[in-house]
Structure formats: C-alpha cells, structure tokens
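Now for the letters of each chain:
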Amino acid sequence: MKKILFIEDESALQKTFGDILRQESYKIISALDGETGLKLAKSQKPDLILLDLVLPKIHGFEVLKKLKEDKETKGIPVIVLTNLEGVGDVDKVLGLGATTYLVKAQYSLEEVVEKIKKALI
Amino acid sequence: MGLIIIGSTLGVYLIGNRYVQDPQVMALITLLVTAILFIIAFIVTRSFERLVEASRMKSEFISVVSHQLRSPLSNLRWVIELLMSGRFGKIEEKQTEYFKILKENNARMEELVSDLLTVSRIETAALPLKKKEISLEELIKELISEFEPFAKASNVEIEFKSESNLPKIFADPFQIRLVIENLLDNAVRYIKDKGKVEIKLGKKGESLYLEIKDNGVGIPKEDQKYIFQKFFRSENVMRYQTQGSGLGLFIAKAIVEKSGGKTRFKSEEGKGSTFWFTLPIK
C-alpha cells in the first residue's frame, strides 16, 4: 500500500482527502504544520508528499527547500496544493524541485485525485 | 531632485547678485531659498515613499485576503463534490438539486474572489503574462464546447467561422482564455429568451482579430462610455440578469491592452452587441 504524507493545516481538507484517498487504497499520514511534516517525511518515507504552502511553524516554501536538501527525502515527489498564487510563487516552487503546482481554486476534487494517482504510478 | 536644488540655488545667487548689493543679504536669501527647496524635496520624496509603500501593502493585503477567502470556498466546493459523487452513499434526486444550488453559489463566490484578485493585479501592474505560441482557433473551439451546456440551457446557438491557415500568436493562453470567456459569457448571458452568438476569427495586417456578435439586449447609448469601468452594470442588463460583478469587461480590456491589442464594440439597445479585439501575432 502506497503512503501519502499530507501536510495541510486545514482539518476539513485533511478529512476530505483522507477519506477519499483511503477509499482509493492509499495510506494517509497527516501533518497539520510544517515542522511535523518534515519530521514525518524523514521517519515515514512516504511515496508522495502533498504540501500546502501557508503552514504554521515552518512555511511551505521552507519545508520544500529542506525536503529537497535532505538526502533521505529529496527523491520523494512533492505536489504543492495551495491557494497561494502570488507573482513568482509557481516558478519559485518548481525551482525548488516540486513536481506539480496545483491552485486549489482551479481544480475539482476528482482532478486533484487523478493527479495524485498519476504521480504514484 | 538634488540637481534641481543646486541649479535653483545657483540661479537665485546669479540673478540676485544683479539686484542685491549687500553680500550678507544675498547669502541670507540664497540660504533661505535652499532651505525651502530642501523642505519641498523632503515632502515630495516622503509622499512618493508612502505611495510605494501603500501600493505594496494593498497588493499584499489583496493577496492575503484572497487566499483567506479562497481556502474555505475551495474546501466547501470539494466537500460538495465529494457528497455529489456518491462515493460515500447514494444521493437522492431532491438532495442533488440542493447540492447543485450550493455548488452554483459557491462557484459565484469563487469567481468574484478570482475577478477581484485579477483586478488588483492589473491595478498594481502585477499581472504576469506567460507568453507562448497558441492557436486562437483551437482555444475558441475548446471554449465553445465548454459553453455548450450553458448556451443550450439559455436557448442560444453559437456559430464559429474562422479564416483558414491563420498563424499562431504569441500570448498568455490563460489570460486570453479569460478575455474570450468573459466576452462569450456576456454574449450568451444577455440574450433574452432565444438567440444566436456569431464568432469570427480572422487576420488583419500583423494581428488576429476576434469578433463576438450577439442579438441580445444591447447597451443603451448613454451607458456605452462606462462599460469598461470597474463594477459598472447597465440598467437594462440589471433588469434581465442581476448576477455578475461588472468586472468582466474591465478585465478583458486590460488584458488585451497588456498583450498589445485593442478592444472595441458597437451596440444598439434591443438589437445586440458586437465586441471585437485584436492581438498581435508576434
């Protein structure tokens, strides 16, 4: 069973994605802040990380940077899932090594699930 | 600013020397003028700094607010989609009807937040244009098929004619899509009962032009000069359709201009409107 680490501070989204991805037979590990997310990425070695950007304790940009600097976690694909769409955000995130940048407001739930499945093939 | 102060001080000294004999009085006048100029320069510089700071804060404020508004709206939309998908139990027909109402209203709010964000980016000159080669013809066909259900439900037929062998253009597909979406949405939305939208794409010199013609309610003559203003909605339009933010045409015109093109229209109340815009090929 493939493992997905979901770093997202909105518990409503943790529940929605948790339920839907478990139904799709994935194991979900939840982190509600950047610091916990980094710790779990190292200890749990997920197959994919779903990362929000506006996070408590450590901002998503910093989390992504640290994930990609660490030998143990740099190979894990990261999908950034956020509503932050400032000028230069997409380039910054892709430059830091994220696989995909998804703006929540622009995708339906099924589309996001499809992108996750595709990244795990 | 420094050069102006030095120049003005020297000017005062040279001109003053002709008329004032006493060197002490002359020195006093020069000092006084220099001091006044310094005070003016200080006030102007501070005002500019404040303006730049206000503009930066406004941009940051809009970005944070839009993020804070968007997040609960996308959470809500995804939960509604999840419930409607039937993944966690079958939904009755009556319940689906109400879920649809929730979804539509949520979509309206998401659209408004997105429009406000685009307007703020246009106004703070922070609207990024990621240009690449695109086929306008393909983009229009894609959009027409997306609009088909809405047009059908509104009893509107969409017809598209394009000149053959048109070149691709160099523009931001996401932004151009927004322009056509806004114009096409207006064309379909403001047709009363039943009608037709005709879209024409062609080449004129070094530009491509796109025309969207409808036989809808039209724009009264006295309102025509205001239609590209933010939040403006014509009174006759409000009679038929109360929804809409009044930001679509402002956004469309700004994006076309930023892409190097022009937007024009002609309209007659009760007969319909024709909007067209050009976009440079390169």
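Thresholds applied
- Residues numbered from 1 in each chain as written.
- Chains lettered and ligands numbered in written order.
- Predicted model: local features only at pLDDT ≥ 70, side-chain atom pairs only at ≥ 80, totals over all residues.
- Heavy atoms only, no water.
- Helix = DSSP H or I, 4+ residues; strand = E, 2+ residues; numbered from the N terminus.
- Rg over C-alpha atoms; globule rule 2.2 N^0.38 Å.
- Buried < 20%, exposed > 50% of the residue type's maximum accessible area, 1.4 Å probe, protein only.
- Contact = heavy atoms within 4.5 Å.
- Areas by Shrake-Rupley, 256 points an atom, 1.4 Å probe, with all protein chains shown as cover.
- Lys, Arg positive; Asp, Glu negative; His and termini not counted.
- Charge placed at Lys NZ, Arg CZ, Asp CG, Glu CD.
- Pairing = 2+ DSSP bridges.
- Axes fitted to C-alpha atoms, helices over the stretch in contact; angles between N-to-C directions.
- Arc of directions from axis to C-beta.
- Salt bridge = Lys/Arg side-chain N within 4 Å of Asp/Glu carboxyl O.
- Left-handed = near helix turned anticlockwise from the far one by under 90°.
- Buried area = accessible area lost by both parts, 1.4 Å probe.

### Here we look at the overall build of chain A
Across its full length, chain A carries five helices and five strands. Moving toward the C terminus, one meets the helices and strands of chain A in the order β-α-β-α-β-α-β-α-β-α. Rg of the C-alpha trace for chain A: 13 Å, near the compact-globule value of 14 Å for 121 residues, within the 12% margin. Based on the C-alpha atoms only, the size of chain A along its principal axes is roughly 35 × 30 × 25 Å. By the burial criterion, 50% of the 121 residues in chain A qualify as buried. A separation of at least 24 residues holds for 62% of the contacts in chain A among residues at least 6 apart in sequence. Here chain A displays about 5400 Å² of accessible surface, and carbon together with sulfur accounts for 52% of that area. Averaged over its 19 positive side-chain charges, chain A has a centre that lies 7 Å from the centre of its 19 negative ones.

### A look at the sheet that holds strand 5 (residues 100–103) of chain A
Residue and element names in this part refer to chain A. Strand order in the open sheet made by the five strands is 2-1-3-4-5, with parallel pairing throughout. Where the open sheet ends on each side, the last strands, each with one partner, are strand 2 (27–31) and strand 5. When the angles between neighbouring strand axes are averaged without regard to direction, this sheet yields 20°. Bridge analysis of strand 3 (residues 48–51) against strand 4 (residues 78–82) gives three bridges, and the strand direction is parallel. Bridge assignment links Leu-51 to a residue of strand 4, and that residue is Val-80.

### Concerning helix 5 (residues 109–119) of chain A
Leu109(A), Val112(A), Val113(A) and Ile116(A) are the residues of helix 5 of chain A that are buried. Taken end-on, helix 5 of chain A shows its buried residues confined to a sector of 100°, consistent with a single buried face.

### Digging into the pattern of salt bridges
Tallied over the entire structure, the rule returns 29 salt bridges over all chains. Among the ionic pairs, Glu72(A) bridges to Lys42(A), the shortest N-O distance being 3.9 Å. Of the two residues, Glu72(A) sits in the loop between helix 3 (60–69) and strand 4 while Lys42(A) sits in helix 2 (residues 34–44), which places them 30 residues apart along the sequence. Here Lys141(B) makes a salt bridge to Glu137(B), at a shortest N to O gap of 3.3 Å. Taken together, the residues Lys141(B) and Glu137(B), both in helix 4 (residues 136–153) and four residues apart, mark about one turn of the helix. For Lys141(B), a relative accessible area of 46% puts it in the partly exposed group. Each of Glu24(A), Glu110(A), Glu114(A), Lys117(A) and Arg87(B) takes part in salt bridges that share partners, so that together they form one network.

### Let's talk about the environment of Glu133(B)
Residue and element names in this part refer to chain B. Inspection of the secondary structure puts Glu-133 in strand 1 (residues 132–134). Considered as a pair, Glu-133 and Gly-202 are 69 residues apart in the sequence and their alpha carbons are 17 Å apart. Beyond its immediate chain neighbours, meaning those up to four positions away, Glu-133 contacts Lys-168, Ile-169 and Phe-170.

### Points about the packing of helix 5 (residues 173–189) of chain B against helix 7 (residues 248–258) of chain B
Residue and element names in this part refer to chain B. In the contact formed by helix 5 and helix 7, the axes pass within 9 Å of each other and the chain directions differ by 145°. The element helix 5 and its partner helix 7 pack so that their crossing is left-handed. Along its contact with helix 5, which presents Gln-175, Ile-176, Leu-178, Val-179, Asn-182, Leu-183 and Asn-186, the element helix 7 presents Gly-248, Leu-249, Ile-251, Ala-252, Ile-255 and Val-256.

### Quick notes on the interface of chain B and chain A
Across the contact, 19 residues belong to chain B and 29 residues belong to chain A. Around 2000 Å² of area is buried between chain B and chain A when both sides are counted, 52% of it from carbon and sulfur atoms. Its largest share of buried area at the contact with chain A, chain B owes to Arg70(B), Trp78(B) and Arg87(B), together 36% of the area lost on that side. Linking chain B to chain A there are three salt bridges. Measuring nitrogen to oxygen at the nearest pair gives 3.2 Å for the salt bridge that ties Arg87(B) to Glu110(A). Those elements that place two or more of their residues in the side of chain B that touches chain A are helix 2 (23–85) and helix 3 (93–123) of chain B. Of the residues forming the side of chain B that touches chain A, the biggest block, eleven residues, is contributed by helix 2 of chain B.

### Focus on the pairing of strand 4 (residues 195–204) of chain B
Residues and elements named next belong to chain B. Pairing geometry for strand 2 (residues 156–162) and strand 4, over seven bridges, is parallel. Paired with Val-156 across the two strands is Gly-195, which belongs to strand 4. Two strands pair when backbone bridges link them, and strand 4 and strand 5 (residues 207–214) are joined in this way by eight bridges, in the antiparallel orientation. Bridged to Glu-198 within strand 5 is Lys-213. In textbook terms, the turn of a hairpin is the stretch between consecutive antiparallel strands, and for strand 4 and strand 5 this stretch comprises two residues, one of which, Gly-205, has a positive phi near 60°.

### Quick word on the sheet that holds strand 4 of chain B
All names here are of chain B. One open sheet holds the five strands; their spatial order is 2-4-5-7-6, and the pairing between them is mixed. On the outer flanks of this sheet lie strand 2 and strand 6 (263–268), each paired with one strand and no other. Direction aside, the axes of adjacent strands within the sheet are offset by 15° on average. Judged from the six bridges that link them, strand 6 and strand 7 (residues 272–280) form a sheet pairing that is antiparallel. Its bridge partner being in strand 7, Glu-268 is matched across the sheet by Gly-272. Against the sheet, helix 5 touches strand 2, strand 4, strand 5 and strand 7, its axis set at about 20° to strand 5. Each of strand 6 and strand 7 touches helix 7; the most contacted strand, strand 7, lies at about 25° to it.

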